[in-house]
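Observations on the model geometry
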Amino acid sequence: MSTVSAYPTHVKPWARRFFITREMGIIYLLLAAIILSSVFVNKFFQGATIYYLCLDILPSLLIALPMTMVMITGDIDISVGSMLGLSCSLLGLLYSLGVPYELGMVAALSIGLLGGLLNGLLVTKINLPALAVTIGTLALFRGISVGLLGTKAVTNFPERWTNFAKMRIPGTDFPVPILIFVALLVVFVILLHFTTFGRGVYAIGLNKEAAVFSGVNEGRTRTILFVLAGGMAALSGIFYTMRYGTARGDAGEGLELQVIAAIVLGGVSVFGGRGAMHGAVAGVVVIGVLSAALRLLGVASDVIKIITGTLLILSVVVGALLIWIGNRRVPKTAL
């Protein structure tokens, strides 16, 4: 008596399923960027370069974690840069009024969660497009941020916090805050790839109606993701005040576009239903590595943007080509 396996037989060999993917394509690009930078950029891998590279990309890495999940559902949140600025301004304002820095951090994180909740409710309860909603809240949050501090900046934050943001992990050239990111990365990887909630995220991105029919609470899931995006943006704002020792209303301007570009570069579909956390993180890192290498070569910032944009387009084309190769029909003799 023959038995039938409960698991489907994969048509493509495991090596092709793993190594020829959009996410692996960006990882290959990252490895190439690291190798080329080490060869052509003098002292690229010296301790100071690694240290400042980690500090530079940390806000983008933090925001990319929930943003990846938001985009997999087919939504988008372009208000995160403004939320970073708002949390930064609120923290600075409260501290200038004599509120302890620790309470200011709690307030800044709370405003991020509330801002994310506002986005989520407008999208899920009133059924407004996420792009339209977050364009509006982008302007709203930035306006409040600038209004709180005006043209002035708040400085002289407690040294114990500013030193913490710049402290190195003993025996390494990595800043201590990168450990916070690693811990959060583990949480988000488990949440997206190993839980029922994560399966619901993919289901919503593939087909909202089918997801609801299969038991996914579509409204609650999307709202939670917007709340997480707002909270992580606020956390990035708190880190900004720690690292630079200053709070400004214009902090984080344009950051949302960098994060979204990196996530798309990492293989997340703008139409939803596809993507992985490791690809998005690799996308953020590769842009950071390229920018750091070009700056060390003395390339102007405008030229760096042009080069980075061109590489983004090329990488998307290469990723599509890898997917096409991966989806080619495997001959029966290979089965």
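Read on for a plain summary of the structure. These figures come from a predicted structure and were not determined experimentally.

1. A short note on the packing of helix 4 (residues 80-96) against helix 6 (residues 130-149)
Where helix 4 contacts helix 6, the two axes come as close as 8 Å, and the packing angle between them is 25°. Classified by the angle their axes make, helix 4 and helix 6 are roughly parallel. For the crossing formed where helix 4 meets helix 6, the hand is left-handed. Between helix 4, through Gly 81, Ser 82, Met 83, Gly 85, Leu 86, Ser 89, Leu 90 and Leu 93, and helix 6, the contact on the second element is made entirely by Leu 138, Phe 141, Arg 142, Ile 144, Ser 145, Leu 148 and Leu 149.

2. Some words on the pattern of salt bridges
All chains considered together, the criterion is met by six salt bridges. Close ionic contact of Asp 56 with Arg 295 constitutes a salt bridge, the shortest N to O distance being 3.5 Å. Of this pair, Asp 56 sits in helix 3 (residues 47-72) while Arg 295 sits in helix 13 (residues 277-296), and the two are 239 residues apart along the sequence. A salt bridge links Arg 222 to Glu 218, with the nearest nitrogen and oxygen atoms 2.3 Å apart. Of this pair, Arg 222 and Glu 218 both sit in helix 11 (residues 218-244), separated by four residues, roughly a single helical turn.

3. Comments concerning the packing of aromatic side chains
Summed over the entire model, instances satisfying the criterion amount to seven aromatic pairs. Each ring, one from Tyr 101 and one from Trp 161, has its centre 6.1 Å from the other, and the planes form 35°; the classification is tilted. Within this pair, whereas Tyr 101 is found in helix 5 (residues 101-124), its partner Trp 161 is found in helix 7 (residues 159-166), the two being separated by 60 residues in sequence. Since its relative accessible area comes to 23%, Trp 161 is described here as partly exposed. It is Arg 168 that lies over the ring of Tyr 51; its NZ or CZ is 3.9 Å from the centre.

Thresholds applied
- Residues numbered from 1 in each chain as written.
- Predicted model: local features only at pLDDT ≥ 70, side-chain atom pairs only at ≥ 80, totals over all residues.
- Heavy atoms only, no water.
- Axes fitted to C-alpha atoms, helices over the stretch in contact; angles between N-to-C directions.
- Helix = DSSP H or I, 4+ residues; strand = E, 2+ residues; numbered from the N terminus.
- Parallel < 35°, antiparallel > 145°, perpendicular 65-115°, else oblique.
- Left-handed = near helix turned anticlockwise from the far one by under 90°.
- Contact = heavy atoms within 4.5 Å.
- Salt bridge = Lys/Arg side-chain N within 4 Å of Asp/Glu carboxyl O.
- Phe/Tyr/Trp six-rings, centres within 6.5 Å; stacked < 30°, edge-to-face > 60°.
- Buried < 20%, exposed > 50% of the residue type's maximum accessible area, 1.4 Å probe, protein only.
- Lys NZ or Arg CZ within 6 Å of the ring centre and 35° of its normal.

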